[in-house]
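Descriptive structure summary
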Amino acid sequence: MAKKLVIKVTAGADAPERCSQAFTVAAVAVASGVEVSLWLTGESSWFALPGRAAEFELPHAAPLPDLIDSILAAGRVTLCTQCAARREITEADVLDGVRIAGAQVFVQEAMSEDTQALVY
């Protein structure tokens, strides 16, 4: 089993089930002791901003703010550089603990030894 998990979530409110699945898998992995790096890209980029996750609703799904909090507590959350720029999001705008980084860092993480990468 991979010791590290890199998850890229591209979906937001536009594809709520896919979005929720990505955050749920990340949170369960963190709770299981797996080293997790969650990447917010595309429409999920908005969830790097305070309060935006609270606006997300999906019946029978864990609340997105709770999932993000659990991932931030023991994992890493990264907002894609280009996605942030397209939405005029800066480091000063994001939740505490969220970093902004680009494709080079994503590839480096995804290709590291004992790592499994998933894209939602």
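In this text the structure is predicted, and so the values were computed from the model without any measurement. (Residues numbered from 1 in each chain as written. Predicted model: local features only at pLDDT ≥ 70, side-chain atom pairs only at ≥ 80, totals over all residues. Heavy atoms only, no water.)

As a further point, take the sheet that holds strand E4 (residues 98–101). Overall, parallel pairing links the 5 strands, which are arranged E4-E3-E2-E1-E5 in an open sheet. A strand with exactly one partner marks an edge of an open sheet, and here the two such strands are E4 and strand E5 (115–119). Between one strand axis and the next, the sheet turns through 25 degrees on average, direction left out of account. Pairing geometry for strand E2 (residues 35–40) and strand E3 (residues 76–80), over 4 bridges, is parallel. Opposite tryptophan 39, over in E3, you have threonine 78 as the bridge partner. (Pairing = 2+ DSSP bridges. Helix = DSSP H or I, 4+ residues; strand = E, 2+ residues; numbered from the N terminus. Axes fitted to C-alpha atoms, helices over the stretch in contact; angles between N-to-C directions.)

So, on to the nonpolar core. Judged by nonpolar contacts, the single largest core of 32 residues is most densely connected at Phe23, Leu38, Leu40, Phe47, Leu64 and Leu79. Counting only elements with at least two residues in this core, the list comes to strand E1 (4–9), helix H1 (16–31), E2, helix H2 (64–74) and E3. Examining the composition of this core, we find that 7 residues originate from one element, H1, more than from any other. One finds Trp39, Ala101, Phe106 and Ala110 within the second-largest nonpolar core, a separate group that totals 5 residues. (Core = buried A, V, L, I, M, F, W, Y, C linked by side-chain atoms within 4.5 Å. Buried < 20%, exposed > 50% of the residue type's maximum accessible area, 1.4 Å probe, protein only.)

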